[in-house]
Amino acid sequence: MRQPIIGIPCDVKRIGLLPFHTVAEKYVEAVSGGVGGVPLLIPALGSRSHVREILDTFDGILLTGSLSNIEPHHYGGAPSRPGSPHDPQRDATTLPLIDLLLQEGIPLLGICRGFQEINVALGGELFQHVHEEPGFADHREPETDDLDEMYGPAHAVHFTEGSLLRQWLGCDSIEVNSLHQQGIKRLAPRLEAEAVADDGLIEAYRVRDARTFSYAVQWHPEWKYHDNAISIAIFNAFGAACRERVAARAKT
Ligand SMILES: N[C@@H](CCC(=O)NCCCC(=O)O)C(=O)O
């Protein structure tokens, strides 16, 4: 049986004078080595994204993190502060795709911005500056150029009763990294919280009515995934669901 083909929607970033469609290498490596799939980048073409062809081509989709924020008009939020980073082409590519992936039963994993995108696409809302919200901690990344420090353990997350995380790991909590300023203000109706931080911020969820693996985390499991039991568990579950789709499609 062939390996699953896993789509990774791109960011649009300016490099020099020109815009590029890009994905950080750590996500490509995590799909290839951790999930066990063939990573293919999906350009952020927005409404020109040929969604039908995407749904027919891919056996799974990974929505990655990004420094850019989802434009707040997608979730009824207040206008962003001047200078906030946005990526409207990525928003226009991923947000319309998410419900269609769920309808088709295509496995879906969201990481950080991807975690926020699925919540927004399914009707949830975001805090734009979690650290300014009363009672919430600062979830932003540490000010360092040392990547091991930046993506190192930052805070605990506690697994909810009946969560897949608790099943996968057989424990109640883990330490995770944290590199985000936005966070879940209101969880979309179809989502079931799987883990929360000490301040109550939701850090993982699953899609309650999904036909297959449809899961997202606010932290970064792709960072040195091979050294991290929870990363391995998440990627194994995602990879197994993608392989199941390959097998099912081979019978049609
Ligand atoms: N901009 C959003 C999402 C933050 C996020 O995805 N950070 C990771 C960026 C770099 C990487 O992909 O590792 C927010 O601030 O909440």
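Please read these numbers as outputs of a predicted model, since none were measured by experiment. (Residues numbered from 1 in each chain as written. Predicted model: local features only at pLDDT ≥ 70, side-chain atom pairs only at ≥ 80, totals over all residues. Heavy atoms only, no water.)

Participant: Account for the site of the ligand, naming residues and giving values.
Facilitator: The immediate surroundings of the ligand are formed by 16 residues, with K26, Y27, S66, N69 and Y151 found nearest. In the model, an oxygen atom of the ligand is placed 2.6 Å from a nitrogen or oxygen of the K26 side chain. Side-chain polar atom of Q116 to an oxygen atom of the ligand: 3.0 Å apart, as the coordinates give it. Starting from 430 Å² of accessible surface for the ligand in isolation, the protein chains cover 91%. Going through the elements one at a time, helix 1 (25–35) and helix 4 (113–121) are the ones with two or more residues in the shell around the ligand. (Near = heavy atom within 4 Å. Polar contact = N/O pair within 3.5 Å; in protein donor to acceptor, adjacent residues only side chain to side chain. Areas by Shrake-Rupley, 256 points an atom, 1.4 Å probe, with all protein chains shown as cover. Helix = DSSP H or I, 4+ residues; strand = E, 2+ residues; numbered from the N terminus.)

Participant: Just give me the short version of the pairing of strand 11 (residues 191–197), but keep the residues and values in it.
Facilitator: Counting buried positions along strand 11 gives 5 out of 7 residues, so the element sits mostly inside the fold. Where strand 8 (residues 155–159) lies against strand 11, 3 bridges are found, and the strand directions are antiparallel. Looking at strand 11, one finds that F159 is bridged to A195. Inspection of the sheet shows strand 11 paired to strand 12 (residues 202–207) by 5 bridges, in the antiparallel sense. Residue pairing for strand 12: A193 is matched across the bridge by Y205. In this antiparallel pair of consecutive strands, strand 11 and strand 12, the connection spans 4 residues, and G200 shows a positive phi of 95°. (Buried < 20%, exposed > 50% of the residue type's maximum accessible area, 1.4 Å probe, protein only. Pairing = 2+ DSSP bridges.)

Participant: Run through the packing of helix 3 (residues 88–104) against helix 4, naming residues and quoting values.
Facilitator: As a packed pair, helix 3 and helix 4 sit with axes 9 Å apart at the nearest point and diverge in direction by 60°. Comparing their axes, helix 4 and helix 3 come out oblique. The way helix 3 lies across helix 4 gives a crossing that is right-handed. Contacts between helix 3 and helix 4 involve R90, D91, T94, L95 and I98 from the former and R113, G114, E117, I118, V120 and A121 from the latter. For the contact of helix 3 with helix 4, the residue count by class is 5 nonpolar, 2 polar and 4 charged. (Axes fitted to C-alpha atoms, helices over the stretch in contact; angles between N-to-C directions. Parallel < 35°, antiparallel > 145°, perpendicular 65-115°, else oblique. Left-handed = near helix turned anticlockwise from the far one by under 90°. Contact = heavy atoms within 4.5 Å. Nonpolar A, V, L, I, M, F, W, Y, C, P; charged D, E, K, R; others polar.)

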